[in-house]
Amino acid sequence: MNPVVHFEMPAEDTSRMSKFYETAFGWQTKQMGPEMGNYVLVTTSEADANDPSGRPKMPGTINGGFYMKSDDPLSQYPSVVIAVEDINAAMKKVKEAGGQVIGGMKKDGTADEIPGVGLFASIIDTEGNRISMLQPKSM
């Protein structure tokens, strides 16, 4: 199986959103720079110090991120990220199953790389939900 390993939530104001989740739930946030789209990394669970990928220590927990909403209707809703072993094969399976690959894809049809993280692509499932796939460097 391919597990859900990350979540993403849109924000109109990432600073305000970070403060809310830090205060209400004790989450930790880290603002990334413009080279990473001003994405905010969100830690909801203590990381395993022995795992260089920074995965959560407690099984079943995931971390996530906040991104800026845009006029694109697909950016208006939370999303999940699913880990896959081979992202190019997974993109092919998505298409065969009736889904659509919409982002994180180079002109040659291969997935984009998130430096230090892995290969990434966004898709639309058969019900119109935007989700993402990640082939982590550690897989």
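Below, the structure is looked at part by part. It should be emphasised that the depicted structure is a prediction, and the values quoted were computed from it without experimental measurement.

Criteria and thresholds
Residues numbered from 1 in each chain as written. Predicted model: local features only at pLDDT ≥ 70, side-chain atom pairs only at ≥ 80, totals over all residues. Heavy atoms only, no water. Phe/Tyr/Trp six-rings, centres within 6.5 Å; stacked < 30°, edge-to-face > 60°. Buried < 20%, exposed > 50% of the residue type's maximum accessible area, 1.4 Å probe, protein only. Helix = DSSP H or I, 4+ residues; strand = E, 2+ residues; numbered from the N terminus. Arc of directions from axis to C-beta. Contact = heavy atoms within 4.5 Å. Core = buried A, V, L, I, M, F, W, Y, C linked by side-chain atoms within 4.5 Å. Pairing = 2+ DSSP bridges.

What follows deals with the packing of aromatic side chains. Across all of its chains, the model carries 7 aromatic pairs by this definition. With a centroid separation of 4.8 Å and 85° between ring planes, the pair formed by F20 and Y21 is classed as edge-to-face. Y21 sits in the buried class, given a relative accessible area of 17%. Considering the side-chain rings of Y21 and W27, the 4.8 Å spacing of their centres and the 15° angle between planes classify their relative orientation as stacked.

Of the positions making up helix 2 (residues 87-96), those classed as buried are I87, A90, M91 and V94. Projected down its long axis, helix 2 shows its buried positions confined to an angular sector of 100°, all on one face. Counted as exposed and oriented over 90 degrees from the buried face of helix 2: K92, K93, K95 and E96. Contacts made by the buried residues of helix 2 are with strand 6 (100-103), strand 8 (118-124) and strand 9 (130-136). Positive backbone phi, at 100°, marks G98, one or two positions downstream of helix 2.

The next thing to look at is the nonpolar core. If you look at the biggest cluster of nonpolar residues, it comprises 11 residues: V84, I87, A90, M91, V94, V101, A111, A121, I123, I131 and M133. At the level of secondary structure, the elements contributing two or more residues to this core comprise helix 2, strand 8 and strand 9. By residue number, the principal contributor to this core is helix 2, which donates 4 residues. I131 has contacts with S79, V80, I82, A121, S122 and I123, leaving out every residue within four places of it along the chain.

Below, the discussion takes up the pairing of strand 4 (residues 63-68). With 5 of 6 residues buried, strand 4 lies mostly within the body of the structure. Across 6 bridges, the pairing between strand 1 (residues 4-11) and strand 4 is parallel. If you follow M9 over to strand 4, its bridge partner there is F66. The pairing of strand 3 (residues 40-43) with strand 4 spans 3 bridges and is classified as antiparallel. If you follow V42 over to strand 4, its bridge partner there is G64.

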